[in-house]
Structures are given as structure tokens and as C-alpha cells.
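What follows is each chain in one-letter form.
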Amino acid sequence: MRIACWQPEWVAGISHHDQFLGQLEQIAAAAAGDGASLLVTPEMSATGYHLARGQMAELAEPADGPLTAAVARIAARHRLAVVYGWPERDGRAVYNSVQLVGADGTVAARYRKTHLYGEFDRSSFAPGDDLLVQAKVGAFTVGLIVCYDVEFPETVRAHALAGTELLVVPTALVRPWEFVARTIVPARAFESQLFLAYVNWHSPSADGYCGLSTVAGPDGRAWSRPSGPLLIADLDRGALAAARQATPYLADRRPELYGGVR
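Just so it is clear, the model here is predicted, and its values are computed rather than measured. (Residues numbered from 1 in each chain as written. Predicted model: local features only at pLDDT ≥ 70, side-chain atom pairs only at ≥ 80, totals over all residues. Heavy atoms only, no water.)

Caption draft 1: Region of interest: the pattern of salt bridges. Throughout the structure, instances matching the rule amount to 11 salt bridges. For Arg2, the salt bridge is made with Asp234, and the minimal N-O distance between the two is 2.6 Å. Of the two residues, Arg2 is situated in strand E1 (residues 2–6) and Asp234 in strand E12 (residues 230–234); the sequence distance between them amounts to 232 residues. Taking relative accessible area as the criterion, Arg2 reaches 23% and is therefore assigned partly exposed. (Salt bridge = Lys/Arg side-chain N within 4 Å of Asp/Glu carboxyl O. Helix = DSSP H or I, 4+ residues; strand = E, 2+ residues; numbered from the N terminus. Buried < 20%, exposed > 50% of the residue type's maximum accessible area, 1.4 Å probe, protein only.)

Okay, here's the thing in C-alpha cells:
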């Protein structure tokens, strides 16, 4: 399966919410034209992540709101599955959510970020409580998590044990935390023997988003390559079997010894 990753630029003072659907239309056309089956966008791709206090609540929409309907039309028009992020309104609560819309325009999966990072996340969002969210895209079982979630090995291992073959991780990683993208992400893919698509914003500012989007393979290496405004990766399910045979972490586990890990 071919997947495409979009790493947009963050520009302070620009309304990313107003621009998102127009940009997504263009990027989806490029991804579909490149033969991709799935397009992955960053954390809070519909609005931007670092907003003024209270803005997340103002921009929040329910999972079946007009944003979802618009993304669904784009996905169906280009016959392309799309993962996007937005502040999800559910009653009085707001969640940091990502949604996978299938190539037919129907919602296949929705995930609410379970591990909230720092004061901004905790003051803006309620934590999700459903860790294992999966859907099928072609022959691949695709799992969804968000940003900080990937920094917990238990999260990725739980997905591997549940059969996730491609773990999609929209993120909003800032400098000086490049170590996460460069070291932790490929290590997670290697130790849990799955593909991991880590997709970020980028910004030129010294303390801004660091980019470094990548698709890490079960061999711990980058499988993605640039193609115009996108990163493209061709995923091979045979590589999963080869990795699990060469380094059988999953088969060699001894869960009877792990009872104290809570």
C-alpha cells in the first residue's frame, strides 16, 4: 500500500481553520495522483495546535459536524482515505481527536488522544479512554494514536499485540524535542515490528515545529521519500513477517513475568 504524509507549514497569525479544506483538496489531489491509498495529516490539522486560550473550544465541532462532511466529500472525490485532526466537541467536553475517513467517504475510525502533554493539552482537552482504535485500509490494519501517545512504549506494543500493522501518529512536535522523531519513533516501529507514520507540522522559528515527518518501518529505517509537497511510502506486508522472523520480540515475550508492570 502506498501512503502519503502532508507536513504543512505553521505560520503564526494565519487562520489555519479557514484555509484547511482548500489546502486539503489540493493535497488530496496530489496524493491520489501519486497513487496513494491513504493521506495522513498532522495533529489538529484542521485548526492548528497552538492557539490562543479558549480558541479550541470555539472551533470545536462534533464528530458528525460540517468539517467531517467536507472532509468526507474530499476523500470520496479523490477515492483516498484521509486521516485528519480537529478539536472534537462532545457535550461539554472537547477532545484532541483524529478521524480516519475511508475512500468511500464514510468514517472508519475516530480516536481521542489518551495521554495529554503539558498545561496547554490538559487545560484544553479531556483525555480519551479508548486506546485501541483500528480500521482496515486496503489489506492493512491501521491504528490511530496522537503525538505524546507514541512516547509510551506500552501504547505501541498494545497496538502490535492487537494486530495493528500501520500505526498512524499525527503530531505537533516542537524544538528542541527532535530526539522523539529521530530516535523514539524508529525505535517504537522496530521494537513492536510495525510501520509507524509520524506526521508533523514544520516552522522555521527556533522554538517552532520541527518537521521530521517520517514513515518508520519494522526494520527501524525510514521508508518515506519526498514527492512534491508530500512524503510517500510504499508499505510491504512482507517486511512485517521478515522483521518478526529476524527479531521475534512479539513471539519471545514472557507476559507471565510482567504482572508488576501497571
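The rest of the description comes next.
Caption draft 2: View of the pairing of strand E3 (residues 81–90). Of all the 10 residues making up E3, 8 are buried; the element is thus mostly covered by neighbouring parts of the structure. Where strand E2 (residues 38–40) lies against E3, 3 bridges are found, and the strand directions are parallel. When the bridges of E3 are listed, Leu38 appears paired with Ala81. Hairpin connection of E3 to strand E4 (residues 93–101): 2 residues between the antiparallel strands, including Gly91 at a positive phi of 65°. (Pairing = 2+ DSSP bridges.)

Caption draft 3: Structural view of the packing of aromatic side chains. One pass over the structure, following the stated rule, counts 10 aromatic pairs. Note on Tyr148 and Phe152: the rings are 5.0 Å apart at their centroids and 80° apart in plane angle, and the pair reads as edge-to-face. Owing to a relative accessible area of 25%, Phe152 belongs among the partly exposed residues under this scheme. Geometry around Phe140 places Arg237 over its ring, the cationic atom sitting 5.9 Å from the centre. (Phe/Tyr/Trp six-rings, centres within 6.5 Å; stacked < 30°, edge-to-face > 60°. Lys NZ or Arg CZ within 6 Å of the ring centre and 35° of its normal.)

Caption draft 4: Region of interest: the packing of helix H1 (residues 16–33) against helix H3 (residues 66–78). Where H1 meets H3, the axes come as close as 9 Å, and the angle between the chain directions of the two elements is 20°. Taken as axis vectors, H1 and H3 run roughly parallel relative to one another. Regarding H1 and H3, the two cross each other, and that crossing is right-handed. Where H1 approaches H3, its residues Phe20, Leu21, Leu24, Glu25, Ala28, Ala29 and Ala32 are matched on the opposing element by Leu67, Ala70, Val71, Ile74, Arg77 and His78. Of the residues that constitute the contact of H1 with H3, the class distribution is 10 nonpolar, 1 polar and 2 charged. (Axes fitted to C-alpha atoms, helices over the stretch in contact; angles between N-to-C directions. Parallel < 35°, antiparallel > 145°, perpendicular 65-115°, else oblique. Left-handed = near helix turned anticlockwise from the far one by under 90°. Contact = heavy atoms within 4.5 Å. Nonpolar A, V, L, I, M, F, W, Y, C, P; charged D, E, K, R; others polar.)

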